[in-house]
Amino acid sequence: MKLPVVAGKAVNAAQHVWGYFKDKASNSENKRFLNLLQKFLSGQGGIQAAKNNLLLLAKKYHEDYLLKGYYFHL
């Protein structure tokens, strides 16, 4: 059974994961992440787009802790 997405919790989790990249990410990566979150919060997109972006960053920056965790696999 899939639970409904609670916007505040989804954004909080995404921001927590973003914390692993905030000092490594380029300005364009930062803008893209913030844009995806804003789209989600305004109803113009889903949280999955932000999660996919974070997954790409986790792979790019070799964040094994994140790659092995549940966040990207649920």
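Computed from a predicted structure; not experimentally measured.

A.B. asks: Just give me the short version of helix 2 (residues 27–41), but keep the residues and values in it.
C.D. replies: Taking 1.5 Å of rise per residue, 15 residues should cover 21 Å, and helix 2 covers 21 Å from first to last C-alpha, within 8% of that figure. Buried residues of helix 2: Glu29, Phe33, Leu36, Leu37 and Phe40, and no others. Along helix 2, the residues classed as buried sweep out an arc of 95° about the axis, all on the same side. Turned more than 90 degrees off the buried face of helix 2, the exposed positions are Asn27, Ser28, Lys31 and Leu41. One or two steps after helix 2, the chain reaches Gly43, where phi turns positive at roughly 80°.

Rules used throughout
Residues numbered from 1 in each chain as written. Predicted model: local features only at pLDDT ≥ 70, side-chain atom pairs only at ≥ 80, totals over all residues. Heavy atoms only, no water. Helix = DSSP H or I, 4+ residues; strand = E, 2+ residues; numbered from the N terminus. Expected span 1.5 Å × (residues − 1). Buried < 20%, exposed > 50% of the residue type's maximum accessible area, 1.4 Å probe, protein only. Arc of directions from axis to C-beta.

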